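Reading the structure
Residues per chain, in single letters:
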Amino acid sequence: MPVDLSNGKPLAWDSAKLDADTKAMLDNLQPNILQGHVRESMSLLLVRFGDGPDGRRFLRSLVPLMKSARKHLEEVRDFNRSKKPGTPYVGVGISKLGYLKLGESTTKFTDNAFKSGMKRRKDTLSDPAVGAWEKHYQEEIHAIVLIGDATSEPVAATRTRVLALLPKSAKIVGEEKGEGLRDAQGRGIEHFGYVDGRSQPLFLADQVAAESGTNWNPFFPLSHVLVPDPLAPHPSRHFGSYLVLRKLEQNVRAFREAEEALADALGLKGDDRPLAGAMLVGRFRNGTPLRLHGKPSSDGHPVQNDFSYRDDPGAKCPVSAHIRKANPRDSRDGGLERALGVMMARRGQTYGRRTDRPWDDAGPETRPTGGVGLLFMAFNSSLQNQFEFTQQTWADNPDFPAGDTGHDPVIGQGKREVKVRYPKTWGGTKLSAPQRQVPQTVTMKGGEYFFMPSLAYLKSL
Ligand code: HEM
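Residues numbered from 1 in each chain as written. Predicted model: local features only at pLDDT ≥ 70, side-chain atom pairs only at ≥ 80, totals over all residues. Heavy atoms only, no water.

Operational definition: UniProt positions are given in the numbering used here, feature names are shortened, and annotations may be inferred rather than shown by experiment.
Per an unreviewed UniProt entry, the protein goes by the name DyP dimeric alpha+beta barrel domain-containing protein and belongs to Microbispora maris. According to its UniProt record, the protein has this under Cofactor (unreviewed entry): "heme b". Heading Sequence similarities (unreviewed entry) of the UniProt record for the protein holds this comment: "Belongs to the DyP-type peroxidase family."

**Considerations on the UniProt feature "domain: DyP dimeric alpha+beta barrel" (unreviewed entry) in the protein**
Heads up, the rule is: Helix and strand definitions follow DSSP, with helices as H or I runs of at least four residues and strands as E runs of at least two, each counted in order from the N terminus.
According to UniProt, the feature "domain: DyP dimeric alpha+beta barrel" (unreviewed entry) maps to residues 28-178 in the numbering used here. Segment residues 28-178 splits into 39% helix and 19% strand. End C-alpha atoms: 26 Å apart.

**Structural notes on the pattern of salt bridges**
Stated formally: Salt-bridge detection follows one rule: a side-chain nitrogen of Lys or Arg within 4 Å of a carboxyl oxygen of Asp or Glu. Throughout, exposure labels follow a simple rule: accessible area from a 1.4 Å probe, protein chains only, divided by the maximum for the residue type, with under 20% read as buried, over 50% as exposed, and the rest as partly exposed.
Counted according to the given criterion, the structure contains 33 salt bridges. One salt bridge in this structure joins Arg-121 and Glu-388, with 2.8 Å as the shortest N-O distance. Taken as a pair, Arg-121 in the loop between helix H5 (112-116) and helix H6 (122-125) and Glu-388 in helix H14 (residues 384-395) lie far apart in primary sequence, 267 residues in all. The exposure classification of Arg-121 matches that of Glu-388, with both residues buried. One salt bridge in this structure joins Arg-367 and Asp-360, with 2.6 Å as the shortest N-O distance. Side by side, Arg-367 and Asp-360 carry an identical accessibility label, which is buried. When salt bridges with common partners are traced through the structure, they connect Arg-354, Asp-356, Arg-357, Asp-360 and Arg-367 into a single cluster.

**Considerations on the pairing of strand S6 (residues 239-250)**
Rules: DSSP calls a pair of strands paired once it identifies at least 2 bridges connecting them.
Taking burial as the measure, the twelve residues of S6 include twelve buried ones, the bulk of the element. Here S6 shows two buried faces, one formed by Phe-239, Ser-241, Leu-243, Leu-245, Lys-247 and Glu-249 and the other by Gly-240, Tyr-242, Val-244, Arg-246, Leu-248 and Gln-250. Where strand S5 (residues 227-228) meets S6, two bridges bridge the pair, whose relative direction is antiparallel. Looking across to S6, one finds that Val-227 is bridged to Gly-240. Two strands pair when backbone bridges link them, and S6 and strand S10 (residues 442-452) are joined in this way by ten bridges, in the antiparallel orientation. In the strand pairing of S10, Ser-241 is matched with Met-452. Inspection of the sheet shows S6 paired to strand S9 (residues 373-380) by eight bridges, in the antiparallel sense. Bridge pairing links Leu-248 to Leu-374 in S9.

**Overview of empty space enclosed by the protein**
Threshold: Lining residues are defined by having an atom within 4 Å of a point belonging to a cavity or pocket. Those points lie on a 1 Å grid over the protein atoms alone, cavities being sets where a 1.4 Å probe fits but cannot get out and pockets being open sets with protein on both sides within 12 Å along at least five of seven lines. Grid points are joined across faces, edges and corners, and a volume is the space filled by probe spheres set on the points. Here the term charged refers only to Asp, Glu, Lys and Arg, the term nonpolar to Ala, Val, Leu, Ile, Met, Phe, Trp, Tyr, Cys and Pro, and the term polar to all other amino acids, Gly among them.
For the structure on display, the rule yields three cavities of 30 Å³ or more. Roughly 40 Å³ of volume is contained in the second largest cavity. As for the second largest cavity, its lining consists of Ser-320, Thr-405, His-407, Pro-409, Val-420, Tyr-422, Gln-437 and Val-438. A per-class count over the lining of the second largest cavity returns four nonpolar, four polar and no charged.

**Some remarks on helix H10 (residues 252-265)**
Here is the rule we go by: To estimate how far a helix should extend, the number of its residues minus one is multiplied by 1.5 Å. Residues are treated as being in contact if the distance between any of their heavy atoms lies within 4.5 Å. Any pair of nitrogen or oxygen atoms within 3.5 Å is treated as a polar contact; in protein, a donor-acceptor pairing is required on top of that, and neighbouring residues in sequence qualify only through side-chain atoms on both sides.
Over its 14 residues, H10 extends 20 Å from the first C-alpha to the last, a length consistent with the 20 Å expected when each residue adds 1.5 Å. If you follow the buried residues of H10, they end up packed against S6 and helix H11 (274-281). At the N-terminal boundary of H10, the capping side chain belongs to Asn-251, with an oxygen 3.4 Å from the backbone nitrogen of Arg-253.

Dropping the structure here:
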């Protein structure tokens, strides 16, 4: 039976009743797409091939270091049952120019953003000029090798094995190191200090069952992340996913100053001051959603995700908040994000080390102005309709979801001209006087689009 990407039910990946095509899909799909792989420590190798046949041999030689999505899910199950550690993650993505270098035709790929490459999408995304990107992103990048695990040792050992396979004709044009950042309670956070990676589209039955709720349905069909791998031996059983990689530098000091300035402008005092940052993000630092609480709920609670904005015109969570712009949750019947197929699977990791404690209340002057940020990564079935749509039509659009909403305060790019009004009190109807938008504190430093092919394709090289 052909794999049903639009199936309205989550995938019971370990069911004995799974049909042969779906089994073949799981045995040939790369991990980290359907479910995030542990990647507390990461190395991202950006590769440029000098010779096509050498490039093909290199990619084929990586297969023994890789595992399938099914193997990964089995490892996760075993870890949950008996704490048995899994194996490192090795993922491979190929850019449009990479496929051409390998001697492939790219006509069968349907995604125009992928076929253009990120450099040529700069105007669509309001990105900085390519000349301002970090040097290695200005170069032609043909492939990315992602290596990740819970600790740095297996990553270093796997990295050495990957580099030993690299032919002389190829070169590593750049490398990124991802390092997980955690707050005092051990929750994963980003550099502005907020819990991140909490809200995700879920595809698998065991994951959906673990996250039951009544206000927000986290289940999304496989069609949100999978497409047939057009160059694989059997595209009806061999699937892949488009990966967006963007290095996003965070000016933490400037963001903290913006939080303070907004708290002052809204007259917030004492315990209420964190409301300002929460209005920018949509959650308090410990992940408490502003839609549900006007103060951070006590630590130790699982970070809540069962909410929609259906009955909140912006009195609790401003419509301009990052998580509301990036996922409007039920803004129209059935949910815009669902109807338009926008939700992507975010799999990023933070980068850069710092000596301060990102989650505490120390003043802005103690915070880094650069050198730290997010290696934003996400899997898409359509880069145009998911990542690019979110960035361009929602985050960068001051009129989404309504006129005078302003840019996404965290990731919005482009001139922030309109003035924005915030609720004066949480849940109250009175609005503040129009405020100048907070300045842009996230800067794109480079990136690329890749396709993560099936293992069957890599073996066929
Ligand atoms: C959620 C921060 C970049 C899309 C979040 C959350 C935080 C955050 C703190 C809340 C945690 C959660 O709900 O999972 C950041 C920072 C970024 C960044 C600091 C850059 C440095 C991006 C980009 C996009 C994006 C580039 C897409 C274009 C989303 C989405 C959610 C989210 C879709 C989930 C919203 C929901 O479902 O409620 N982000 N983010 N983020 N972010 Fe970002």
